[in-house]
Amino acid sequence: MDYPLLVLGGTAEARALAAELVKRGVRVVSSLAGRVEAPRLPEGEVRIGGFGGPEGLAAWLREERVAAVVDATHPFAGRISSSAVDATHRAGVPLLRLERPGWSPHQGVEWHWAASLDEAAAMLPGMGERVFLTTGRQGLVSFAGNVTQWFLIRCVDSPEPPLPARHEVVLSRGPYTVEGERALMRRHGIDVLVTKDSGGSMTAAKLDAAGELGIPVLVVRRPQRRDVPTTTEVDDAVRWVLTRLDAK
Ligand code: NAP
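Residues numbered from 1 in each chain as written. Predicted model: local features only at pLDDT ≥ 70, side-chain atom pairs only at ≥ 80, totals over all residues. Heavy atoms only, no water.

## Considering the packing of helix α2 (residues 53–63) against helix α3 (residues 78–91)
At step 1: Relative to each other, α2 and α3 sit at 45°, their axes nearing to 8 Å. By the criterion of interaxial angle, the relationship of α2 to α3 is oblique. The handedness of the crossing between α2 and α3 comes out as right-handed. Here Gly53, Pro54, Glu55, Leu57, Ala58, Leu61 and Arg62 of α2 come into contact with α3, specifically with Ser83, Ala84, Asp86, Ala87, Thr88, Arg90 and Ala91.
At step 2: Along the lines of polarity and charge, the residues of the contact of α2 with α3 split into 7 nonpolar, 3 polar and 4 charged. (Axes fitted to C-alpha atoms, helices over the stretch in contact; angles between N-to-C directions. Helix = DSSP H or I, 4+ residues; strand = E, 2+ residues; numbered from the N terminus. Parallel < 35°, antiparallel > 145°, perpendicular 65-115°, else oblique. Left-handed = near helix turned anticlockwise from the far one by under 90°. Contact = heavy atoms within 4.5 Å. Nonpolar A, V, L, I, M, F, W, Y, C, P; charged D, E, K, R; others polar.)

Here's what the structure looks like:
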């Protein structure tokens, strides 16, 4: 019987894990939320769209006879991770969290932590006049009431209103280079950078570029997570999966 592994994805780590497991002959089904118009597709099977909360996910795990689940979603995707905890508990399926480490303050960078997007929005006035906002398409509403600063908003797909009154949107997807980030910030006269603590190397270049240009960064902390076995390494996750599949 070919019991599949479910990878909750939408990240580079999820794609790396799927590729490693497919190489080893594991049947992998990766799940994407369907938020991005043209997502980077992982190797193996792919399903797209929500499950309908923890009940829907638990039913899906039973129907598909899933052997194990790896939650490799983005550190800020809290709802699907919480759903995975409840659903795997209900369906009696083992769960591992694969999460890249967060960033720590870069040397030489003026680094400010915010507890949430709303707190970042409240801290921002007075920190500069031209903001590079790289927190993604969701949650921009937190900054919509800001009429005093100008924003360069960078997202993968076009953001929807409400947006800050004075802004320009740049659509692009990482990875980015320090040279590219430095040039972009210079071109737009950026004097403050706002980011989530996404971690990883794909989008870290902006922090180094900000440091070089003497631009302060405002970093939104990751949301609290429920306690589940967690690794930061794809190799560990591969070993965990192979052990679970051997036991089936
Ligand atoms: P979220 O708030 O945790 O999820 C909202 C709902 O979307 C979930 O309740 C679930 O619907 C569905 N969903 C989310 N991820 C899914 C997945 N991998 N497969 C199937 N359904 C999923 O998540 P989000 O912040 O909207 O992020 C959506 C996706 O984008 C995640 O997969 C994440 O890895 C990726 N992503 C997020 C960010 C970010 O900053 N938040 C950045 C980069 C990539 P149901 O309840 O109906 O199952």
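Now that the structure is up, let's keep going.
## Details of helix α1 (residues 12–23)
The α-helix advances 3.6 residues per turn, and as a result positions three or four apart in sequence lie on the same side.
At step 1: Taking 1.5 Å per residue as the helical rise, α1 with its 12 residues ought to reach 16 Å, and the 17 Å between its terminal C-alpha atoms agrees with that figure.
At step 2: Those residues of α1 that fall on the buried side of the exposure criterion are Glu13, Ala14, Leu17, Ala18 and Leu21. The arc enclosing the buried residues of α1, seen along the axis, measures out at 135°, which places them on a common side.
At step 3: In the stretch just after α1, Gly25 is the one whose phi turns positive, near 85°. (Expected span 1.5 Å × (residues − 1). Buried < 20%, exposed > 50% of the residue type's maximum accessible area, 1.4 Å probe, protein only. Arc of directions from axis to C-beta.)

## With respect to the site of the ligand
At step 1: Taken together, 22 residues are adjacent to the ligand, and Ser31, Phe51, Gly52, Arg79 and Lys196 come closest.
At step 2: A distance of 3.3 Å separates an oxygen atom of the ligand from a polar backbone atom of Ala77.
At step 3: Starting from 800 Å² of accessible surface for the ligand in isolation, the protein chains cover 82%.
At step 4: Of all elements in the fold, only β2 (28–32) and α3 reach the threshold of two or more residues within the shell around the ligand.
At step 5: The element best represented in the shell around the ligand is α3, accounting for 3 residues.
At step 6: Looking at the shell around the ligand residue by residue, the classes come out as 6 nonpolar, 12 polar and 4 charged. (Near = heavy atom within 4 Å. Polar contact = N/O pair within 3.5 Å; in protein donor to acceptor, adjacent residues only side chain to side chain. Areas by Shrake-Rupley, 256 points an atom, 1.4 Å probe, with all protein chains shown as cover.)

## A few points about the packing of aromatic side chains
At step 1: Under the defined criterion, the tally for this structure stands at 3 aromatic pairs.
At step 2: Summarising the aromatic geometry, the rings of Phe51 and Trp60 are spaced 5.5 Å apart at their centres and angled 70° between planes, so their arrangement reads as edge-to-face. The same class applies to Phe51 as to Trp60, namely buried.
At step 3: One Lys or Arg, Arg47, reaches over the ring of Trp60 and ends 5.7 Å from the middle of that ring.
At step 4: It is Arg130 that lies over the ring of Trp150; its NZ or CZ is 3.9 Å from the centre. (Phe/Tyr/Trp six-rings, centres within 6.5 Å; stacked < 30°, edge-to-face > 60°. Lys NZ or Arg CZ within 6 Å of the ring centre and 35° of its normal.)

## Comments concerning the pattern of salt bridges
At step 1: Throughout the structure, instances matching the rule amount to 14 salt bridges.
At step 2: With its nearest N and O atoms 2.9 Å apart, the salt bridge here joins Glu99 to Arg225. Within this pair, whereas Glu99 is found in the loop between β5 (95–98) and β6 (111–114), its partner Arg225 is found in the loop between β11 (217–220) and β12 (230–231), the two being separated by 126 residues in sequence.
At step 3: The closest approach of N and O atoms between Arg182 and Glu212, which form a salt bridge, is 2.6 Å. In this pair, Arg182 sits in helix α5 (residues 178–187) while Glu212 sits in helix α6 (residues 205–213), placing the two residues 30 residues apart along the sequence.
At step 4: Among the residues examined, Arg182 registers a relative accessible area of 22% and is labelled partly exposed.
At step 5: What emerges from the salt-bridge pattern is a single network uniting Asp71, Arg97, Glu99, Asp197, Arg222 and Arg225. (Salt bridge = Lys/Arg side-chain N within 4 Å of Asp/Glu carboxyl O.)

## Some details on the sheet that holds β2
At step 1: With respect to topology, 6 strands assemble into an open sheet ordered β3-β2-β1-β4-β5-β12, the strand pairing being parallel. At either margin of the open sheet sits one strand with a lone partner, and together these are β3 (45–48) and β12.
At step 2: As judged from the 4 bridges shared by strand β1 (residues 5–8) and β2, these two strands associate in the parallel manner. Of the residues in β2, the one forming a bridge with Leu6 is Val29. (Pairing = 2+ DSSP bridges.)

## Some details on a nonpolar patch on the surface
At step 1: A cluster of nonpolar side chains, namely Leu41, Val46 and Ile48, defines an oily patch on the protein surface of about 270 Å² accessible area.
At step 2: Its location among the elements puts Leu41 in the loop between β2 and β3. (Patch = residues over 30% accessible without salt bridge, like charges linked within 9 Å, V, L, I, M, F, W, Y side chains within 5 Å.)

Function cannot be read off these values alone, since they describe shape.
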